[in-house]
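# Geometric and topological summary
This is what each chain is made of:
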Amino acid sequence: MNTSQALVDALKAELRRAGITYAALARELGIAESSVKRIFAKGDMPLSRVDEVLAVLKMDFTELAERVVHAQPLRHELTLAQEEAVVADRKLLLAAICALSQWTFEQIRAAYRYTEPELTGYFTRLDRLGILELRPMNRYRLKLDKTFRWRPDGPVMAYFRREVVPDYFGGGFDAEGELLMLVHGSIGRTRAALLVERLQRVGQDFAQQHLADQKLPDAQKDAYTLVVAMRSWLFVAFRDLKREDG
């Protein structure tokens, strides 16, 4: 959807919310109702007319722009090409992961070896890839839904399986606040789906706690990575021991 159409759609929504009909708007603007209908149907309104409608609504352009931004659908996943672009540069991938964790520009700069122009450039690339909307002073808004995940068989997850999984599971998981638990069993498919939903909520709880603890001093928090998984699976070392009719 182009910007003009998005603005017009946002104006329509605000008129409905305010209970202002096309006839009432036409009277306020001093034009025929048919002209108002034609303007909105065309979906391409000059800014001077947008300002006139905003005056009737008692809104300013900044408020309307915010409505447009929040009306845009958020991504649940990236395209294959977008993921390939992200994983091709490890510093771009790191910037993307930090952004997904809602780190500020300043926090990323303090934690990792980016120059300010370099990190600004990576943020600009993430904007072009549709991962975030870059704003003045290197502030940003994520364009990803809270249910976002990397493509299960995509290039980012392939990178993590190859490079990250051995390193992650090579740890002892015995420090304070750490846990590694493997549970095996047979359960109904309906119950399995419900358990997956509960595990997704655990992941969301972790993300929300991360945001809530952003203001804590560094001395009072540590970096953690939560891996949540559930899969119908039999370890390869045991597969030849399984009965064919089992």
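Right, let's walk through the structure included here.

Glancing now at the overall build of the chain. Along the backbone of the chain there are eleven helices and two strands. Ordered by position from N to C terminus, the α and β elements of the chain give α-α-α-α-α-α-α-α-α-β-β-α-α. Taken along its principal axes, the extent of the C-alpha atoms in the chain is 80 × 55 × 35 Å. Taken across its 246 residues, the chain has 24% of its residues classed as buried. Of the side-chain charges in the chain, 36 are positive and 34 negative, and the distance between the mean point of each set is 5 Å.

For the rest of this paragraph, the subject is the pattern of salt bridges. Applying the stated criterion across every chain, the model contains ten salt bridges. For Arg151, the salt bridge goes to Glu77, with nearest N and O atoms at 3.2 Å. Here the residue Arg151 occupies a position in the loop between strand S2 (140–142) and helix H10 (155–169), and Glu77 occupies one in the loop between helix H5 (61–71) and helix H6 (80–87), the gap between them amounting to 74 residues. Note on Arg151: relative accessible area 26%, which makes it partly exposed.

For the rest of this paragraph, the subject is unusual backbone geometry. Excluding glycine, most residues fall at negative phi; most peptide bonds, likewise, are trans. The backbone of Gln102 sits at a positive phi, close to 65°, despite the residue not being glycine. Checked against the element boundaries, Gln102 lands in the loop between helix H7 (90–100) and helix H8 (105–111). Even without being a glycine, Phe173 presents a positive backbone phi close to 55°. The topology assignment puts Phe173 in the loop between H10 and helix H11 (189–212).

Counted by the stated rule, this structure contains twelve aromatic pairs. Taken together, a centroid distance of 5.9 Å and an interplanar angle of 85° make the contact between Tyr159 and Phe160 edge-to-face. We classify Tyr159 as partly exposed; its relative accessible area is 23%. Within the aromatic cluster, the residues linked to one another by ring pairs are Phe105, Phe123 and Tyr140.

Take helix H4 (residues 47–57) next. When we look at burial in H4, the residues that qualify are Val50, Val53, Leu54, Val56 and Leu57. Down the axis of H4, the sector holding all buried residues measures 155°, keeping them to one side. Positive backbone phi, approximately 60°, marks Lys58, located one or two places after H4.

A few words on H6. For the α-helix, the turn length of 3.6 residues means that residues three or four positions removed from each other point alike. Of the positions making up H6, those classed as buried are Gln82, Glu83 and Val86. Relative to the axis of H6, the buried residues are bounded by an arc of 95° and lie together on one face. Packed against the buried residues of H6 are H7 and H10.

Cut-offs and rules
- Residues numbered from 1 in each chain as written.
- Predicted model: local features only at pLDDT ≥ 70, side-chain atom pairs only at ≥ 80, totals over all residues.
- Heavy atoms only, no water.
- Helix = DSSP H or I, 4+ residues; strand = E, 2+ residues; numbered from the N terminus.
- Buried < 20%, exposed > 50% of the residue type's maximum accessible area, 1.4 Å probe, protein only.
- Lys, Arg positive; Asp, Glu negative; His and termini not counted.
- Charge placed at Lys NZ, Arg CZ, Asp CG, Glu CD.
- Salt bridge = Lys/Arg side-chain N within 4 Å of Asp/Glu carboxyl O.
- Phe/Tyr/Trp six-rings, centres within 6.5 Å; stacked < 30°, edge-to-face > 60°.
- Arc of directions from axis to C-beta.
- Contact = heavy atoms within 4.5 Å.

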